[in-house]
Amino acid sequence: MAKIIVVTSGKGGVGKTTSAAAMSTGLALRGKKTVVLDFDVGLRNLDLVMGCERRVVYDLVNVIQGEAGLNQALIRDKRVDNLFILPASQTRDKEALTPEGVAEVLAQLKEDFDYVICDSPAGIESGAQLAMYHADEAVVVTNPEISSVRDSDRILGLLSAKTRRAEQADEPVREHLLITRYNPDRVDSGDMLTLDDIREILAIDLLGLIPESEAVLRASNQGVPVTHDAESDAGLAYADAISRLIGEDVPLRFHEARKKGLLSRMFGGGHR
């Protein structure tokens, strides 16, 4: 049975689209037939991160409004055979998404895919609520700063009250916490919230801890999901998150500052 997973955040700029791209790619690399949808109508970015912006002909709104078939709008990833992208419209407004249209598209996708990843707009507006309404699971992306964590708490409230599962008194949406841009040195110096602080505030299972890494920015600029950079710390961290998502028990990495060597301590160098 296909799973619908929404990747969401209360605050913009936390790495949500990067995470949706990395996780959908990671699932496909693990042999799961996966599609990732961009729900951010008007601010389309997923296609850029996935490196397929020049191949967009039709989009999610075209499909919902009957201007194109679903198969016409789906873009097959060039790197992974069983990964597909459904881009958002860059020229319409968010009201172009209708509950009925979104439900029909997701129902069709569930017939053909193992995982349907919904890249939600940030915040609590209608586009975000449509993206999460049909979700079986949710990945809540947050940074280790108080405003981001507080906004994530608001998203958790919506997930427990404003989804199809909540309305039908079904099993609740399974919630996962993904912390991005985590820097243990800055945590130790008091510039960032600690991992324990974040987990205590949000009280949901930790799916992954993505370190602050130049590899993420490099991957986004190149249009290659960072999961493909298997040698990078961020690529490894996303791979760990995917393993946990599909039920594997993987120890947590990148949560402690690396010990400096003798030369670094003598000359004041960093560990990176």
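Everything that follows concerns the structure shown earlier in this document.
All values reported here derive from a predicted model rather than from experimental measurement. Within each chain, residue numbers correspond to sequence positions counted from 1 in written order. Under the rules for a predicted model, residues below a pLDDT of 70 receive no local features and side-chain atom pairs below 80 are neither given nor counted, while totals for whole chains, interfaces and linings still include all residues. Side-chain metrics rest on all non-hydrogen atoms present in the structure, leaving aside hydrogens and water.

*Asks:* Give a description of unusual backbone geometry that names residues and reports values.
*Replies:* The phi angle of most residues is negative, glycine excepted, and most peptide bonds adopt the trans form. The phi angle at arginine 181 is positive, at roughly 55 degrees, despite the residue not being glycine. A run of DSSP states H or I qualifies as a helix once it reaches four residues; a run of E qualifies as a strand once it reaches two. Both are numbered from the N-terminal end. Within the element layout of this structure, arginine 181 appears in strand β7 (residues 174–182). Positive phi values are uncommon outside glycine, yet alanine 203 reaches one of about 55 degrees. Looking at the element boundaries, alanine 203 is found in the loop between α10 (195–202) and β8 (205–211). Exposed residues in this analysis have more than 50% of their type's maximum accessible area, buried residues have under 20%, and partly exposed residues fall in between, with area computed by a 1.4 Å probe over protein chains only. Look at alanine 203 and you get exposed, because its relative accessible area is 61%.

*Asks:* Which residues make up the sheet that holds strand β6 (residues 137–142), and what values do they have?
*Replies:* Pairing between the strands of a sheet comes from backbone hydrogen bonds, and it takes one of two forms, parallel or antiparallel. Note on pairing: two strands pair once DSSP finds at least 2 bridges between them. Pairing is mixed across the open sheet formed by eight strands, whose spatial order is β3-β4-β2-β5-β1-β6-β7-β8. Here the strands that pair on one side only, and so sit at the sheet edges, are β3 (75–76) and β8. One ladder, built from four bridges, connects strand β2 (residues 34–38) with strand β4 (residues 83–86); its direction is parallel. Note that in β4 the partner of threonine 34 across the bridge is leucine 83. Two residues qualify as a contact provided that any one of their heavy atoms is within 4.5 Å of a heavy atom in the partner residue. For helices, the axis comes from a line fit to the C-alpha atoms of the stretch in contact; other axes are also lines fit to C-alpha atoms, and the angle between any two N-to-C directions lies between 0 and 180 degrees. Along the sheet face, α10 touches β6, β7 and β8 and points at about 150 degrees away from the line of β7. Strands β1 (3–8), β6, β7 and β8 of the sheet are contacted by helix α12 (residues 233–245), whose axis makes an angle of about 165 degrees with β8.

*Asks:* Tell me about the packing of aromatic side chains, and name the residues and values.
*Replies:* When we look at a pair of aromatic rings, we describe it by the centre distance and by the angle of the planes. A pair of Phe, Tyr and Trp rings is counted when the ring centres sit within 6.5 Å of each other, with Trp represented by its six-membered ring. The angle between the planes then sorts it: under 30 degrees is stacked, over 60 is edge-to-face, the rest tilted. Under the defined criterion, the tally for this structure stands at one aromatic pair. Summarising the aromatic geometry, the rings of phenylalanine 84 and phenylalanine 113 are spaced 5.5 Å apart at their centres and angled 75 degrees between planes, so their arrangement reads as edge-to-face. With phenylalanine 84 in strand β4 and phenylalanine 113 in the loop between α5 (99–112) and β5 (115–119), this pair connects stretches of sequence that are 29 residues apart. Phenylalanine 113 matches phenylalanine 84 in its accessibility class, with the two residues each being buried. Only Lys NZ and Arg CZ are tested; either one counts as a charge over a ring when it is within 6 Å of the ring centre and within 35 degrees of the ring normal. Over the face of the ring belonging to phenylalanine 113 we find lysine 33, whose NZ or CZ atom lies 5.0 Å from the ring centre.

*Asks:* Which residues make up the nonpolar core, and what are the values?
*Replies:* Residue types Ala, Val, Leu, Ile, Met, Phe, Trp, Tyr and Cys, when buried and joined through side-chain atoms within 4.5 Å, form a set referred to as a nonpolar core. Formed by 48 residues in total, the largest nonpolar core has its most connected members in Leu37, Leu97, Val105, Leu109, Val116 and Leu159. The biggest single contributor to this core is helix α7 (residues 146–161), with five residues. Sequence-distant contacts of leucine 37, that is, excluding residues within four places in its chain, are made with Leu46, Leu60, Leu86, Val105, Leu106, Leu109, Val116, Ile117, Cys118 and Asp119.

*Asks:* Please give an account of the environment of glycine 223 that cites residues and values.
*Replies:* Structurally, the position occupied by glycine 223 is in the loop between α11 (214–222) and α12. Given a relative accessible area of 3%, glycine 223 falls into the buried group. Separated by 11 residues in the primary sequence, glycine 223 and alanine 234 have C-alpha atoms spaced 15 Å apart. Each residue touching glycine 223, except ones within four places of it in the same chain, is listed here: Leu48, Val49, Met50, Gly51 and Arg79.

*Asks:* Lay out the side chain of arginine 244 with the relevant residues and their values.
*Replies:* The topology assignment puts arginine 244 in helix α12. His residues and chain termini do not enter the charge count, which takes Lys and Arg as positive and Asp and Glu as negative. Counted as salt bridges are all cases of a side-chain nitrogen of Lys or Arg within 4 Å of a carboxyl oxygen of Asp or Glu. Despite its burial, arginine 244 remains without a salt bridge, the nearest opposite charge being carried by aspartate 240 at 4.4 Å. Those residues in contact with arginine 244, other than ones at most four positions away along the chain, are Leu206, Leu207, Gly208, Val250, Pro251 and Leu252.

*Asks:* Explain the pairing of β5 to me, and be specific about the residues and the numbers.
*Replies:* For β5, a buried count of five out of five residues is recorded, marking the element as mostly surrounded by other parts of the structure. Taking every second residue as pointing to the same face, both faces of β5 are buried, with Tyr115, Ile117 and Asp119 on one and Val116 and Cys118 on the other. Pairing analysis gives five bridges linking β1 to β5, with the strands arranged parallel. Bridging from a neighbouring strand, valine 6 pairs with cysteine 118 of β5. Pairing of β2 with β5, which is carried by five bridges, proceeds in the parallel orientation. Bridge pairing in β5 links valine 35 to valine 116.

Any functional reading would require information that these geometric values do not contain.
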